[in-house]
Amino acid sequence: MLREIRPAVVLLLVLTAITGLAYPLAMTAIAGALFPTQAQGSLIEKDGKVVGSSLIGQEFRDDKYFHGRPSATLAPDPNDSTKTVPAPYNAANSGGSNLGPTSRALADRLKEDGDKLKTENPNAAVPVDLVTTSASGLDPDISPEAAEFQVPRVAKARNMPEDAVSRLVASNVQGRMLGLLGEPRVNVLALNLALDRASAK
């Protein structure tokens, strides 16, 4: 019986070493050599300190910054572990709200957010990505239209000309991947950092 079990145990150990240790280490080393920034999480630094990742959104509430898409991510309630509380851009709990088009809670939130944004820029239609959450809840990008919609608020808060802020938005628009995939987009963190640099001049 030992003769029959021994090959199975040896094969299990060999395959575990190959697929559980050697392969992941090799892929990590190759990724680190070919794509060092992406392999480390596409981190963005300011003055030598990490301020975020270009892949994960973060919440900006101040009027002097561009705001990203709403995030529906949650975290455990510190007062009651059986409940959850909103935790925008919580990468440990990525996910959407799962509210459907017939949801009264979703309709109410969309109306409330839309009305609030209308007061910010009454002459423009509210871009859909400023009121809807992404499937991951971590989307770091907004559409160029969503960024342009926020220009009057940001320019007023920073006492900058609107056309200067608009030029900053235009210079931060990323096109379709390979010219075909996806839609033009603006990374909110990168735009806000560029805004800080422009304001400091």
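Residues numbered from 1 in each chain as written. Predicted model: local features only at pLDDT ≥ 70, side-chain atom pairs only at ≥ 80, totals over all residues. Heavy atoms only, no water.

A. Here's a closer look at the packing of aromatic side chains. A full pass over the atoms with the stated rule returns 1 aromatic pair. Seen in terms of ring centroids, Phe60 and Tyr65 are 5.6 Å apart; in terms of plane orientation they differ by 45 degrees. Their pairing is tilted. Summarising the burial analysis for this pair, Phe60 and Tyr65 share the class buried. Cation over ring: Arg158 sits above Tyr65, and NZ or CZ is 4.9 Å from the ring centre. (Phe/Tyr/Trp six-rings, centres within 6.5 Å; stacked < 30°, edge-to-face > 60°. Buried < 20%, exposed > 50% of the residue type's maximum accessible area, 1.4 Å probe, protein only. Lys NZ or Arg CZ within 6 Å of the ring centre and 35° of its normal.)

B. Representation of unusual backbone geometry in the model. The backbone of Ser42 sits at a positive phi, close to 50 degrees, despite the residue not being glycine. Assignment of secondary structure puts Ser42 in the loop between helix H2 (36-39) and strand E1 (43-46). Located in the positive-phi region is Leu178, a residue other than glycine, with phi close to 60 degrees. The residue Leu178 is located in the loop between strand E6 (173-174) and strand E7 (185-187) in this model. (Helix = DSSP H or I, 4+ residues; strand = E, 2+ residues; numbered from the N terminus.)

C. Expanded view of the sheet that holds E6. Taken in spatial order, the 3 strands make up an open sheet running E5-E7-E6, and their pairing is antiparallel. Two strands in the sheet have a free side with no partner beyond their single neighbour: strand E5 (141-142) and E6. Where E5 lies against E7, 2 bridges are found, and the strand directions are antiparallel. Looking at the pairing, Ile142 lines up with Val186 of E7. Its contacts with the sheet put helix H6 (residues 188-200) on E5 and E7, and the angle it makes with E7 is roughly 65 degrees. (Pairing = 2+ DSSP bridges. Contact = heavy atoms within 4.5 Å. Axes fitted to C-alpha atoms, helices over the stretch in contact; angles between N-to-C directions.)

D. Quick peek at the pattern of salt bridges. The tally for this structure, following the rule as stated, stands at 11 salt bridges. Residues Lys46 and Asp196 are paired through a salt bridge, measuring 3.3 Å at the closest nitrogen-oxygen approach. Within this pair, whereas Lys46 is found in strand E1, its partner Asp196 is found in helix H6, the two being separated by 150 residues in sequence. (Salt bridge = Lys/Arg side-chain N within 4 Å of Asp/Glu carboxyl O.)

E. Representation of H6 within the structure. In this model H6 runs 18 Å from its N-terminal to its C-terminal C-alpha over 13 residues, within 8% of the 18 Å that 1.5 Å per residue would give. Listed as buried for H6 are Val188, Leu189, Leu191, Asn192, Leu193, Ala194, Leu195 and Asp196. Considering only its buried residues, H6 is in contact with E1, strand E2 (49-53), E5, helix H4 (144-158), helix H5 (162-171) and E7. Where H6 begins, the capping side chain belongs to Asn187, and its oxygen is found 3.2 Å from the backbone nitrogen of Leu189. (Expected span 1.5 Å × (residues − 1). Polar contact = N/O pair within 3.5 Å; in protein donor to acceptor, adjacent residues only side chain to side chain.)

F. Region of interest: H4. Taking 1.5 Å of rise per residue, the 15 residues of H4 would be expected to cover 21 Å, and the 20 Å separating its terminal C-alpha atoms lies within 8% of that figure. Remark: the principal bend of H4, roughly 45 degrees, maps to Val151, with a proline, Pro152, within the next four residues. All of the buried residues in H4 are Pro144, Ala146, Ala147, Phe149, Gln150, Val151, Arg153, Val154, Ala155 and Arg158. Buried residues in H4 make contact with helix H3 (104-120), E5, H5, E6, E7 and H6. (Bend = angle between axes of the 7 residues up to and from the residue.)

G. Inspection of the packing of H4 against H6 at higher detail. Across the interface, H4 lies against H6 with an axial gap of 13 Å and an inter-helix angle of 30 degrees. Of the two possible hands of crossing, H4 and H6 adopt the one that is right-handed. Residue-level contacts link Ala147, Val154 and Arg158 of H4 to Leu191, Leu195, Asp196 and Ser199 of H6. Broken down by class, the residue content of the contact of H4 with H6 amounts to 4 nonpolar, 1 polar and 2 charged. (Left-handed = near helix turned anticlockwise from the far one by under 90°. Nonpolar A, V, L, I, M, F, W, Y, C, P; charged D, E, K, R; others polar.)

H. How the structure looks around the environment of Asp62. One can find Asp62 in the loop between E2 and strand E3 (74-77). When its relative accessible area of 42% is taken as the criterion, Asp62 is described as partly exposed. Distance in space between the C-alpha atoms of Asp62 and Ala157 is 8.9 Å, their sequence separation being 95 residues. Discounting residues that sit within four places of it in the chain, Asp62 has contacts with His67 and Arg153. Among the polar contacts listed, one links the side chain of Asp62 to the backbone nitrogen of Lys64, at a separation of 3.0 Å.

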